[in-house]
Amino acid sequence: MSPRAARREPDRDELAAAQQVVDLFATEAVLALDRYEESFPADAPDKARRVADRLAYWWRKLELDDVRTDRAGTDAEQLLAKAAELSLDPDNNWGVSIEEAAAQAVNDAAVEGRPLPAKGIEDYRREFAEAYGGHAQEPDWDDTWLAESLVRFRRASVLRDVVAASARVRVSEPLRNAADDLVRRGQQLMDRRLDLARRQEAPVSRREPLLRNARDAAALLAWDVGVNMTGAPLWADLALKGPALAVYVKAVTDAWRDHDHAVATRLDPAQAQLRSVRKGITDTLDTQSPATRRDHRALRNTPAPRQGPAR
């Protein structure tokens, strides 16, 4: 057992880091469900029923009922839990849609006096595209992404519970180590998201292109004055000033084109780092499944863990 787990409760940063990973895959599961829903024609009469059946199928197959979803957790976790609840409801003959699940999640939070989920599916789509620059490289085939993201969500949720329960639960050493690794990766995810947020807020300065324009204008003016002082005839005057003007116009155009390119690509480094962290977490959760039946029993028999800050 690691010293952290054996001697003290996890701190808020560790819980927040673990929760970040859970929220990552809850969000991806919501987006995958949305994409599966959008794969049907808009006027398909059985669209909602087929979406519900597919989510219920994977929820049962992956034994996600054993996962303690946090009803007061992140917006994505609340939405995913409500969509699963509607899908598994035997009295719900209509089915489920992302919009309906989001609306009911808001209603549940209002009735229970919890903070209302603030994000809709459009927010998730936009944030995902902005975070990864539209290069997340998710599978396109049928419901493959939904299944994969739910698998990762389940594994990350188990590891989050290990982190939250800490010394109050005895689990195997591999699972404890995996939970510690999840915290480290979650902290990397938080750092990369913070770096991206800072880059998004920081405007690209216009100072450099303006200075370049001023230097080029001064050079053009000096050339113009020099040519005028020579007293050259009109045809020579035009022959000397024409190319200089063309060079100046090109320099101004290049300066602002470089500025526009800097604006368009200012997020690329941060997005690449975030994609790298996400891939590392994904690869770890795809290849690592250290939880035993004894571990699952131990986690189920502990009180519901307190969750870390969602954001």
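Anything mentioned here points back to the structure above.
No experiment lies behind these values; they were computed from the predicted model shown.

What to know about the layout of surface pockets
Turning to step 1, where the next piece is worked out: The computed volume of the largest pocket comes to approximately 600 Å³.
Turning to step 2, where the next piece is worked out: Of all elements in the fold, only helix 2 (12-38), helix 4 (75-88), helix 6 (121-132) and helix 8 (173-201) reach the threshold of two or more residues within the lining of the largest pocket.
Turning to step 3, where the next piece is worked out: The element best represented in the lining of the largest pocket is helix 6, accounting for seven residues.
Turning to step 4, where the next piece is worked out: Its volume calculated, the second largest pocket comes out at about 230 Å³.
Turning to step 5, where the next piece is worked out: Forming the boundary of the second largest pocket are His135, Ala136, Gln137, Glu138, Pro139, Glu148, Arg152, Arg275, Arg278, Lys279 and Thr282.
Turning to step 6, where the next piece is worked out: Of all elements in the fold, only helix 7 (144-165) and helix 11 (268-287) reach the threshold of two or more residues within the lining of the second largest pocket.

Quick word on the pattern of salt bridges
Turning to step 1, where the next piece is worked out: Evaluated as defined, the whole model comprises 24 salt bridges.
Turning to step 2, where the next piece is worked out: With a closest N to O distance of 4.0 Å, Arg50 and Asp46 form a salt bridge.
Turning to step 3, where the next piece is worked out: Residues Glu85 and Lys82 are paired through a salt bridge, measuring 3.0 Å at the closest nitrogen-oxygen approach. Taken as a pair, Glu85 and Lys82 lie in helix 4 at a separation of three residues, close to a single helical turn.
Turning to step 4, where the next piece is worked out: Since its relative accessible area comes to 41%, Glu85 is described here as partly exposed.
Turning to step 5, where the next piece is worked out: For Lys82, a relative accessible area of 5% gives the class buried.
Turning to step 6, where the next piece is worked out: Ionic contacts of the salt-bridge type, sharing partners, join the residues Asp34, Glu122 and Arg125 into one network.

Each value, and the rule that gives it
Residues numbered from 1 in each chain as written. Predicted model: local features only at pLDDT ≥ 70, side-chain atom pairs only at ≥ 80, totals over all residues. Heavy atoms only, no water. 1 Å grid on protein atoms, 1.4 Å probe; cavity = no way out; pocket = protein on both sides within 12 Å on 5 of 7 lines; lining within 4 Å. Points joined across faces, edges and corners; volume = space filled by probe spheres on them. Helix = DSSP H or I, 4+ residues; strand = E, 2+ residues; numbered from the N terminus. Salt bridge = Lys/Arg side-chain N within 4 Å of Asp/Glu carboxyl O. Buried < 20%, exposed > 50% of the residue type's maximum accessible area, 1.4 Å probe, protein only.

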